[in-house]
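# A look at the structure
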Amino acid sequence: MKRRMKKITALCMAAAMTVSLAACGGGSSESSKGADASSSAAASGGSSDEPVTLTIWNTEVLQPGVQTNEIAKEIEKRFGIKMDVVQGDAQKFSILVAGGDLPDIIYTNPAQQNTASNNLITSGQLLAMDDLIEQYGENVKKNFPDRLKYSKQFASNGEDKVYYLPVRAYEADEEHPNISYSIENIGLMTRWDIYQAIGCPEIQTTDDYLDVLKQMQDYAREKDLADGKQIYAISGWSDWGLWPWWLSNAREMGYMDLANDTIFNYDTQSVEGLYTSEAFWESLKFYNKAYNMGILDPEAFTMKNDQYWEKCKNGQVLMAYASWQTENINRSFVSDGHEGWSFQKLPYDGYEYISGIVSTNAPLGGGIEYATAITKNCKNPEKAMQLIDFFNSEEGARLIYSGIEGTHWTDNDGKPQPTDEFIEKSKSDSNYKDNVGVNLYNKLCAFMDIQVLSDGYPADLMKSDEQKAANISDQDKSYCDYYAQQEGGDYQYPGQVLYDMWQKGKVKTITDYYLYPTLVQSPSEETLNIIAQCDQYMNVQGVNAIMTGTEDEFNACKEETLKGLENKNYEQAKTEIADLYAKAEKEADAFGMK
């Protein structure tokens, strides 16, 4: 039986800090209130010198190159640092590694970069940060200190040094859980306005849900809701492999995706191989049924992700895969004049789980999967640590998620609030936050956006309960009103609907944190090669299974695929990975997190 993690050391956040940014040479008087800016700001002489340009590998920032948005300019003003973002795919990352040409700072995502974290250490690509942290990393040491212990013990190739600093950590408050505005995770999202227009039919099974999607598609086509463009209930994209065809469904079956083609079953508390799991094949079966019902866009297998987004914004797609997709799409609807459109999380779509109703404890963030590191190529490691330490401060988190004090938010008698202008522009312009730079650099930040800081408000001020209720859209209110009639609750925003149903035992969610999946060491080179070959094979076979015409053909394709995996030594790879997880579980016990 896998053991659940006990709550770790609480956050050591100061109630008030007196450190002034003036020590940086680029300080701002409006930022000293409640700040915990790092003393490392003086590391390179302050902003009176010529700005230092730091190259940063981060694939999730929208535009590569020197950053010129308001947040980036504020960082430059304070610290004399220009951020130059370098991007690319796994192939480009591998080329940079092979040539020893990595940027100054990297944000790691081994799954996307296809490079094992230890390999960057053993090949001499990374700089040990211990001395830099000791001298300049006051906030790194203070906030989420167990990340340093974790990094030394599990992410240093046995060297007991800090090469990686995990990001996006979160210390949950069990007595005052953070209820998501809708959900804060991956899950099937549905066009609420059309579901409501067809009378909100009852859904008990996934087949019911598919039938409802068919009714919605018929309605949307009849009403020509996409101005002559073809409408399909379900679509997808091809440049993320099989991501659209299993991940959201598996999450709603009670699974979490892990590295190296494995998933974690929360019901059995065990790790399973992805491609031979029932969750994976049940997901493919769901989309196979959709395909044969004529509600799955045939272009989904050839489109790119940006084309999928465009179709969603145009009203051509009626189901999406994550709240972080639909949050932006819903804003686009409003700014494009479609205030009546919105995606919502239906409480029932045939699956038992809704992930992300409340934020779960994540004291180590994503562990080695999501971390920052300084490379040996960095000519200004002190400046790099200065920037990293700022991103590990409460003040840095507030800047990243809420913007500049006095411009995007104000502090009125200890109550920080977004400005009216920021709220209105965020509603009216779906690109406003991106253009300003708010939330663009979240994968460099130690804190998650919903972490309550020492002033009592979340890093992202738009995520406070007050703001969630105050800025509810008309369509979100329609959703709340409908379920208030069904459930008898008083719901101020959609997440409260789902939270209430969870409390009543009508739906399930996941709140437990498990450390050991983050401690798994990289498999052997042979196993990594097997996995890579199986991934390529499954990218083809998965789509083939979805496009089969009958249940017998689907089952035959499944049998053929499993034999193909066996011939590629998938079981051998699974066995080695399972042993690594068993070893990691013992290490988690020794680490003191169960």
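Residues numbered from 1 in each chain as written. Predicted model: local features only at pLDDT ≥ 70, side-chain atom pairs only at ≥ 80, totals over all residues. Heavy atoms only, no water.

## Notes on the pairing of strand β4 (residues 105-108)
Because side chains alternate across β4, one face comprises the buried residues Ile 105 and Tyr 107, and the other comprises Ile 106 and Thr 108, equally buried. Pairing geometry for strand β1 (residues 52-57) and β4, over two bridges, is parallel. The partner of Ile 56 across the bridge, within β4, is Ile 105. (Buried < 20%, exposed > 50% of the residue type's maximum accessible area, 1.4 Å probe, protein only. Helix = DSSP H or I, 4+ residues; strand = E, 2+ residues; numbered from the N terminus. Pairing = 2+ DSSP bridges.)

## Comments concerning the pattern of salt bridges
Close approach of charged atoms allows side chains of opposite charge to pair. This model, assessed by the stated rule, comprises 31 salt bridges. One salt bridge connects Glu 76 with Lys 73, and the closest N-O pair in it is separated by 3.8 Å. Of the two residues, Glu 76 and Lys 73 are both situated in helix α1 (residues 70-79); the distance of three residues between them amounts to about one turn of the helix. Glu 76 gets classed as buried once you look at its relative accessible area, which sits at 15%. For Lys 73, a relative accessible area of 41% gives the class partly exposed. A salt bridge links Lys 289 to Asp 207; the shortest N-O distance between them is 2.9 Å. (Salt bridge = Lys/Arg side-chain N within 4 Å of Asp/Glu carboxyl O.)

## Quick word on the confidence of the model for the chain
Segments scoring low in pLDDT should not have their predicted coordinates read at a detailed level. Averaged over all residues, the pLDDT of the chain is 89; the fraction at 70 or higher stands at 91%. Counting contacts from residues 1-47, a segment whose pLDDT is below 50, to residues more than four positions away or on other chains yields 117 contacts. (pLDDT = per-residue confidence, 0-100. Contact = heavy atoms within 4.5 Å.)

## Section: helix α7 (residues 146-154)
Every buried residue of α7 is accounted for by Asp 146, Arg 147, Leu 148, Tyr 150, Ser 151 and Phe 154. Its buried side turned inward, α7 meets α5 (130-136), α6 (138-142), β5 (165-166) and α23 (570-591).

## A word on the sheet that holds strand β6 (residues 186-191)
Pairing is antiparallel in the open sheet, where three strands are placed in the order β10-β6-β11. The open sheet terminates on both sides in strands that have one partner only, identified here as β10 (319-322) and β11 (343-344). By the bridge criterion, three bridges tie β6 to β10 in an arrangement that is antiparallel. Of the residues in β10, the one forming a bridge with Thr 190 is Met 319. Packed onto the sheet, helix α9 (residues 206-222) meets β6 and β10 and runs at close to 40° relative to β6. (Axes fitted to C-alpha atoms, helices over the stretch in contact; angles between N-to-C directions.)

## Observations regarding the nonpolar core
Most often, soluble globular proteins keep nonpolar side chains buried together rather than apart. Counting residues in each nonpolar core, the largest one holds 121 residues, and the members touching the most others are Tyr 164, Ile 234, Trp 245, Tyr 287, Tyr 321 and Tyr 483. Residues lining this core come from more than one domain, with at least three contributed by each of domain 1 (52-171 + 362-468) and domain 2 (186-355 + 472-514). Setting aside chain neighbours within four positions, we find Tyr 164 in contact with Thr 108, Ser 117, Leu 120, Ile 121, Leu 126, Met 129, Ser 151, Ala 155, Ile 368, Ala 371, Thr 372 and Ala 373. Val 61, Ile 374, Ile 400 and Cys 445 belong to the second largest nonpolar core, which has 50 residues in total. (Core = buried A, V, L, I, M, F, W, Y, C linked by side-chain atoms within 4.5 Å. Domains from an automatic or database assignment.)

## Overview of the environment of Met 83
Mapped onto the fold, Met 83 is located in strand β3 (residues 81-86). Taking the relative accessible area as the measure of exposure, Met 83 reaches 2% and is therefore buried. Measuring from C-alpha to C-alpha, the distance between Met 83 and Tyr 441 comes to 10 Å, with 358 residues separating the pair along the chain. Excluding residues that lie within four positions of it along the chain, Met 83 makes contacts with Leu 54, Ile 56, Gly 65, Val 66, Gln 67, Ala 72, Ile 75, Leu 387, Phe 391 and Tyr 441.

## Brief notes about the packing of helix α13 (residues 323-335) against helix α16 (residues 420-428)
Viewed as axis vectors pointing N to C, α13 and α16 meet at an angle of 90°, and their least axial separation amounts to 7 Å. As summarised for this structure, α13 and α16 are arranged roughly perpendicular, according to the angle between their axes. Residues Arg 331, Val 334 and Ser 335 of α13 pack against Ser 426, Lys 427 and Ser 428 of α16. Looking at the contact of α13 with α16, its residues break down into one nonpolar, three polar and two charged. (Parallel < 35°, antiparallel > 145°, perpendicular 65-115°, else oblique. Nonpolar A, V, L, I, M, F, W, Y, C, P; charged D, E, K, R; others polar.)

## A few points about the packing of aromatic side chains
Aromatic rings considered in pairs are described by the distance between their centres and by the relative angle of their planes. On inspection of all chains with the given rule, the structure shows 43 aromatic pairs. Aromatic side chains Trp 240 and Trp 243 sit 5.3 Å apart centroid to centroid with 85° between the ring planes, which places their arrangement in the edge-to-face category. The ring of Phe 591 has Lys 149 sitting right over it, with the charged end atom 4.5 Å from the ring centre. Across the ring face of Trp 341, the terminal group of Arg 191 is positioned such that the distance to the ring centre comes to 4.4 Å. (Phe/Tyr/Trp six-rings, centres within 6.5 Å; stacked < 30°, edge-to-face > 60°. Lys NZ or Arg CZ within 6 Å of the ring centre and 35° of its normal.)

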